[in-house]
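Listed here are the chains, written in short residue letters.
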Amino acid sequence: MATAAAPTQLEAELYYLIARFLQSGPCRKSAQVLVEELEAHQLIPRRLDWQGKEHRRSFEDLVAANTHIPPDYLLKICERIGPLLDKEIPQSVLGVQTLLGVGRQSLLRAAKDCRHTLWKGSAFAALHRGRPPELPVNYGKPPNVVNIISAKQLTGYGRFNHLFPSSNYQHMKMHKRILGHLSSVYCVAFDRSGRRIFTGSDDCLVKIWATDDGRLLSTLRGHSAEISDMAVNYENTLLAAGSCDKVVRVWCLRTCAPVAVLQGHSASITSIQFSPARKGITRYLTSTGADGAICFWQWHANTIKFKDRPVKFAERSRPGVQISCSSFSSGGMFIATGSTDHVIRMYYLGSESPEKIAELESHTDKVVAVQFCNNGDSLRFVSGSRDGTARIWQYQQQEWKSIVLDMATKMTGNNLVSGEDKVTKLKVTMVAWDRYDTTVITAVNNFLLKVWNSTTGQLLHSLSGHDDEVFVLEAHPFDQRIMLSAGHDGNIFVWDLDKGTKIRNYFNMIEGQGHGAVFDCKFSPDGQHFACTDSHGHLLLFGFGCNKYYEKIPDQMFFHTDYRPLIRDANNYVLDEQTQQAPHLMPPPFLVDVDGNPHPTRYQRLVPGRENCKDEQLIPQLGYVANGDGEVIEQVIGQQTNDQDESILDGMIRELQREQDLRRMNDGEAIPNPPYSRSHSINGALRSPGLDSPPNVGLRRSGQIEGVRQMHLNAPRSQMATERDLMAWSRRVVVNELHPGVSRVQEECRAVKGDMEVNLYTVEKKRKPSHTLQRSDYQPGSGRSLRRNQRKRQHAYQTRSTIEHNQQGASQNARTKEESESSSEEDETVGTSDASVDDAVAVWQSESSSSDSSSEYSDWTADAGINLQPPKRQTRQATRKICSSSEDENMKEAKGLEEKRRKPKQTRKKKQSGLLSMEGEPSEEWFAPQWILDTIPRRSPFVPQMGDEIIYFRQGHEAYVRAVRKAKIYNVNMQKQPWNKMELREQELVKTVGIKYEVGPPTLCCLKLAFLDPISGKMTGDSFSIKYHDMPDVIDFLVLHQFYNEAKERNWQIGDRFRSIIDDAWWFGTVESQQPFQAEYPDSSFQCYSVHWDNNEREKMSPWDMEPVPEGTAYPDEVGAGVPVSPEELTSLLYKPQEGEWGAHSRDEECERVIRGIDYLLTLDISNPFAVPVDLSAYPMYCTVVAYPTDLTTIRRRLENRFYRRISALMWEVRYIEHNARTFNEPDSPIVKAAKIVTDVLLRYIGWQK
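It should be emphasised that the depicted structure is a prediction, and the values quoted were computed from it without experimental measurement.

Quick word on the overall build of the protein chain
Of the regular secondary structure elements, the protein chain holds 22 helices and 53 strands. The buried share of the protein chain, reckoned over its 1250 residues, is 54%. A sequence separation of at least 24 residues applies to 62% of the contacts in the protein chain between residues at least 6 apart. Carbon and sulfur atoms make up 51% of the accessible area of the protein chain, which totals about 56,300 Å².

If you want it as structure tokens, here you go:
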């Protein structure tokens, strides 16, 4: 055989690297053959000695000499080639890593391969399948517009991106920056025609501007706090604004008259949306609030009358939850809301009235943004969360399935952005769709924008340029390529989403004040303009064309009446205090600058109603007033009438108020803004000026004259309008309605989209849900869910903050009532103390398997019979870990106890980060989970109760521990797991003899389980302890013995038909086979059946999750669908008490007797602190000390629902009332003594069964 030519050094090294790569992968036999051939053909690089002589060596010698070369060295080289080459010669499709590319994608590409050939004019006129040709990716600059137009004339077709390349947006420029507010402006909106702009500011005003020339047309007054959101209805007749004053105000756009004042929230309004849906003449306006509620306000399309009471959903799953964002689907049949409790809630408007249809709990932190797609061909929306992910949701097969967009995903190739790792914890700040829903854009707190494929979830582009967080993403109204972004760095970017490039950048630099953060931005409907608002009170107008019309207006535009005080009636409608007129009926005001100085005459004609006035009528009357610095300045006071003089009392009151304000300012105090109080004079018209004027929030400049804001301190009243003035003024049109033809077409389009959404929802609702992806989490019934992913956290109990909304039986004292009315989100107490994370329950007496003793809260001190006597209390005083009163009657005792707190001994290592929120309060991870707070009995998840006889499945427990360790939820000591301390079979019959809960996160349930003799049923004397919590995707490993026996008696055979409850519906299937779930546990019944569902899906099931199909059962109309479960069927599946578990009487008799006792106990003042759950907004550290909160109302509700399986379980929970009081408060405090009395009385009543 001919000897192969001597390889070059590079070839020999390449052979070596190939062999090493093969050795590290699955092709090890190939590697062995290759090594043998390399040695046979002498292709291994030779060794040189000190004299320069070459020596042959083996492959192993070469490996030993190059220990610095890892097996995947060749792969790493290939991964680096692409990015390095991209910097010199960019590839045509960015971010694609391949070694097999061709042309501009080839790794051997040269500069000449990247040159494009210019098309001739005839090439643009050629139609490909009836469409104009698409330019190749490597076509350089945009095609000649002459060729494009000529081709369009020949064929009648033309691509929009050819006719109007994205580079044309470079010609959009800033026409004007107008100072129109004294505070930050967080809201801007166009009307439906695009000819008017609305701005809502922290100075409590809403202003209306003309798009085409920037004129200030009107000011809408009435709110007494910051404007948080605005919306224009689809008919272009109404403007709604929500505010931090908890009120939604609706104005008529034509006349600026108030239409409605909607008061349904107990905290700030967070979002406002008009529904696009058309349901006859019924329309809806929705508002969400920091009180955790969403209100659907119904109004009549013809009369524009709003109903006084909304359809309201109070979604506060616990104190402090806010609904932060909302979005309607394009047809208006669905609305999604995002909350601070991590939950996305879905509402459906296709029925008679709005209804909640789903709660989605996939996010693990606050949901800060939701946005429905723009088209009605699919039910899709995107959500963004502070957990660092966004999710694209779509309704399919009865569930909302999601694609996860992880913000930690990075671009490859030359799109890798430097500094992407500048933030450790990534958070989504805003989300948006492009106009055609092809891509989803997310803004991240590392200042990047990420563009994702909305179908596959692939990251397409990372857009860098911002230097601060971005909260504004605005898609172009019809050009899917274009997206606006703006942020707190003062930058406004126009992006090309197709190319992932920056088209234009604007920087909001304010002379003498630095840059202004941009808070909101909107495109006009025609795409010709966009408007932005900033932190300094400016409105920025951008657009195509010249700005000659904008040069005719001043840079500062205020009306002299903007900040005049208002008076309010019982319905919260307002009148101008000085003129006693509705603001929209006042005569045309004067135009002034920020300091209150009137503008020249030519500018006064810009005010609507003054266009044709004579020059002398445009000169305002000036007066002299003293400002805060003692200087006398000249300001507009209007045209005072001669026949109406101000009373001396009016002047005295104004002077006293001004002096008081000046005194407070000199002392450094803030001027309060109390609610308006009326003090009646002889004629009943006397008012205290300034008490109800907008607060001084977010002032532009400190230490300077407030100027236009202080104009309400003028002594004379402004001019009174004559009847003729009012008639002329009332006929003006501020905002025109849409053309009837345009309005009709748009309404028909929305109606069609709504019908499509209803049809899609109906079709998908009939399909059987899949078992592999997350289903709808909202479960209104009490049925079990076999394959649950995450459970809703909503508390089933009543808190002090929600008691006014849902009173059930228990009487409340005046203090509780007053507290409930004030415990809104705005008034949350900020926790300042270090909280204990230790549970105050005594440490378990023994962790060994030989202990037959129980915990202090065990009712099972005897082996037989029922123990109705409470166990003895702990004699020694446990060290108090936190000493702050949790009850409303003992606030004084809470003071002075901070120094008594000690650093606790932690029972398990907690995560050190993320336990406190930004405000210093405990984060949501501390709150007790829903599964241990539920008041409705359910088969799953398993909630232990004292005395339960259960079957423990070792393999299920092992799966739980593996899941905890994999997710790193908390540290697990493997040496303390029961299978490492004793011999455990695959399933054991045990009895619950001790229960305690351990403070989170997460909250853990600690059980002491005593072994039972399978024959006699008595305890053997051995026991073991476990810790667990309800965890997504982990099946219960504890099953009640009663359920296990019932399932065992069924003795399922191959071919048997069965049914099972999933999401409150019966689903049908057939048993296919029976075999152990794991070979090492051959005798275990855990998931031992393989089943075939009627929809052709297969799954492993446990026998206690399968129910027989009764004769005459109605099967679904569609094969593979489900049948609703009746309440009677649900009840029949619950635990059935055994003889003696409730003493001498039945469970129903005992429950009703104890309910009567609790009702009487609730009438006593001593029980008031324990009547309802502790309000966590008032006592935020309570959840860091008390792991298992309970109260009399919760116990009563559980008795009504027959939650307790035996009377000892009830007694255990009653004792926890005193236990929690002792844990959180000083041992000798009055609240602990009261808790002891209430507990003793109730326990004695429960045990006295005569």
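Observations regarding the sheet that holds strand 26 (residues 449-453)
Strand order in this open sheet of four strands is 24-25-26-27, and the pairing throughout is antiparallel. Whereas interior strands pair on both sides, the edge strands pair on one side only; in this sheet they are strand 24 (428-433) and strand 27 (459-463). Each strand axis lies, on average, 20° off the axis of its neighbour in the sheet, ignoring direction. When strand 26 meets strand 27, the two strands line up antiparallel, connected through four bridges. Residue pairing in the sheet places Leu449 in a bridge with Leu463 of strand 27.

Structural notes on the pairing of strand 27
Across the five residues that make up strand 27, a large majority, four, are buried. Hairpin connection between strand 26 and strand 27: a loop of five residues separates the two successive antiparallel strands, and Gly457 in this loop has a positive phi of roughly 80°.

So, the sheet that holds strand 17 (residues 334-339)
Ordered in space as 16-17-18-19, the four strands form an open sheet in which the pairing is antiparallel. Lying at the two open borders of the sheet, with one neighbouring strand each, are strand 16 (323-328) and strand 19 (355-360). Adjacent strand axes in the sheet meet at a mean angle of 20°, parallel and antiparallel pairs treated alike. Sheet analysis places strand 18 (residues 344-348) next to strand 19, joined by five bridges and oriented antiparallel. In the sheet register, Tyr347 faces strand 19, and the bridge partner there is Lys356.

Structural notes on the pattern of salt bridges
On inspection of all chains with the given rule, the structure shows 38 salt bridges. With its nearest N and O atoms 3.1 Å apart, the salt bridge here joins Lys522 to Asp520. On the basis of relative accessibility, which here comes to 25%, the residue Lys522 falls in the partly exposed class. When the shortest N-O distance is used, the salt bridge between Asp948 and Arg1205 registers 2.6 Å.

Remarks on the confidence of the model for the protein chain
Residues with a pLDDT of 70 or more make up 75% of the protein chain, whose mean pLDDT is 77. Confidence drops under a pLDDT of 50 for residues 771-914, and excluding neighbours within four residues, the segment shows 398 contacts in the predicted structure.

Some remarks on the nonpolar core
Core analysis: the biggest nonpolar cluster contains 90 residues, and Tyr960, Tyr997, Phe1024, Tyr1028, Leu1038 and Leu1199 have the highest contact counts within it. Top contributing element to this core by residue count: helix 21 (residues 1207-1224), with ten residues. Once residues lying within four places of it in the same chain are set aside, the contact partners of Tyr1028 are Trp931, Phe942, Pro944, Tyr960, Leu1004, Cys1005, Leu1007, Phe1037 and Leu1038.

Points about helix 17 (residues 1041-1050)
Here helix 17 has its buried residues at His1041, Gln1042, Phe1043, Tyr1044 and Ala1047. Structurally, helix 17 contributes buried residues whose contacts are with strand 43 (949-953), strand 44 (987-998) and strand 47 (1038-1040). In the stretch just after helix 17, Asn1051 is the one whose phi turns positive, near 50°.

Focus: the packing of helix 1 (residues 9-23) against helix 2 (residues 28-40)
Two numbers describe how helix 1 lies on helix 2: the axes approach to 8 Å, and their chain directions differ by 155°. As the angle between them shows, helix 1 and helix 2 are arranged roughly antiparallel. With respect to the hand of their crossing, helix 1 and helix 2 are arranged in left-handed fashion. Along its contact with helix 1, which presents Tyr15, Ile18, Ala19, Leu22 and Gln23, the element helix 2 presents Arg28, Ser30, Ala31, Leu34, Val35 and Leu38.

Section: the pairing of strand 11 (residues 258-262)
Successive residues of a regular strand alternate their side chains across the two faces of the sheet. Of the strand pairs in this sheet, strand 10 (residues 248-252) and strand 11 are connected by four bridges, and their pairing is antiparallel. Paired with Val248 across the strands is Leu262, a residue of strand 11. Once strand 10 ends, the chain turns through five residues before running back antiparallel as strand 11, passing Cys256 with a positive phi of about 65°.

Quick notes on the packing of aromatic side chains
One pass over the full model with this rule turns up 45 aromatic pairs. Ring centres 5.7 Å apart and planes at 70° place the aromatic pair Phe523 and Phe530 in the edge-to-face group. For Phe530, a relative accessible area of 1% translates into the label buried. Between Phe1068 and Tyr1115, the aromatic rings sit 4.7 Å apart at their centres with planes inclined by 40°, giving tilted as the arrangement. Taken as a pair, Phe1068 in strand 49 (residues 1065-1074) and Tyr1115 in the loop between strand 52 (1107-1108) and strand 53 (1123-1124) lie far apart in primary sequence, 47 residues in all. A residue is classified by how much of its surface remains accessible, and Tyr1115, at 40% relative accessible area, is partly exposed. Each member of the aromatic cluster is reached from another via a ring pair, and the members are Phe334, Tyr348, Phe372, Phe381, Trp393, Tyr395, Trp400 and Tyr761. The cationic tip of Arg602 hangs over the ring face of Tyr603; the distance from NZ or CZ to the ring centre is 4.4 Å. If you follow Arg1153 out to its NZ or CZ, it ends over the ring of Tyr1245, 5.0 Å from the centre.

Details of the packing of helix 1 against helix 4 (residues 73-88)
Between helix 1 and helix 4, whose axes approach to 8 Å, the crossing angle comes to 110°. Viewed along their axes, helix 1 and helix 4 adopt a mutual orientation that is roughly perpendicular. On helix 4, the residues touching Leu14, Leu17, Ile18 and Phe21 of helix 1 are Tyr73, Leu74, Leu75 and Ile77. Taken together, the residues of the contact of helix 1 with helix 4 break down into eight nonpolar, no polar and no charged.

Notes on the environment of Gly222
You can see Gly222 is positioned in the loop between strand 7 (216-220) and strand 8 (227-232). Gly222 gets classed as buried once you look at its relative accessible area, which sits at 1%. Expressed as a C-alpha distance, the spacing of Gly222 and Val261, which sit 39 residues apart in the sequence, is 9.5 Å. In this view, Gly222 contacts Arg249, Leu566, Arg568 and Val574; residues no more than four positions away in its chain are not counted.

Looking at the side chain of Gln604
By the secondary structure assignment, Gln604 is in helix 8 (residues 601-604). Setting aside chain neighbours within four positions, we find Gln604 in contact with Phe590, Leu591, Pro598, His599, Arg610 and Leu618.

What counts and how
Starting from 1, residues in each chain are numbered consecutively following that chain's sequence as written. In keeping with the predicted nature of the model, local features appear solely for residues at pLDDT of at least 70, side-chain atom pairs appear and are counted solely at 80 or more, and the whole-chain, interface and lining totals rest on all residues. In computing side-chain values, all of the structure's heavy atoms are included and hydrogens and water are not. Helix and strand assignments follow DSSP, with helices taken as H or I runs no shorter than four residues and strands as E runs no shorter than two, numbered in order from the N terminus. Whether a residue is buried, partly exposed or exposed follows from its accessible area with a 1.4 Å probe, protein chains only, as a fraction of its type maximum: under 20%, in between, or over 50%, in that order. In what follows, a contact means two residues having at least one pair of non-hydrogen atoms within 4.5 Å. Computed by Shrake-Rupley with a 1.4 Å probe, the accessible areas treat only the displayed protein chains as cover when residues are assessed. Note: two strands are recorded as paired if DSSP finds a minimum of 2 bridges between them. Axis angles are defined between N-to-C directions and span 0 to 180 degrees, where every axis is a line fitted to C-alpha atoms and, for a helix, only to the segment in contact. Salt bridges are counted wherever a side-chain nitrogen of Lys or Arg sits within 4 Å of a carboxyl oxygen of Asp or Glu. pLDDT: the predictor's confidence for each residue, scored from 0 to 100. By nonpolar core we mean a set of buried residues, namely Ala, Val, Leu, Ile, Met, Phe, Trp, Tyr and Cys, connected to one another through side-chain atoms within 4.5 Å. By the definition adopted for this analysis, an angle is roughly parallel if under 35 degrees, roughly antiparallel if over 145, roughly perpendicular if from 65 to 115, and oblique otherwise. Two helices cross in a left-handed way if the nearer one is turned anticlockwise from the farther one by less than a right angle. They cross in a right-handed way if the turn is clockwise. Each pair of aromatic rings taken from Phe, Tyr and Trp, with Trp reduced to its six-membered ring, is defined by centres within 6.5 Å and is described as stacked if the planes are under 30 degrees apart, edge-to-face if over 60, and tilted in the remaining cases. Whether a charge sits over a ring comes down to the Lys NZ or Arg CZ being within 6 Å of the ring centre and within 35 degrees of the ring normal. Just so you know the grouping, Ala, Val, Leu, Ile, Met, Phe, Trp, Tyr, Cys and Pro go in nonpolar, Asp, Glu, Lys and Arg go in charged, and all remaining residues, Gly too, go in polar.

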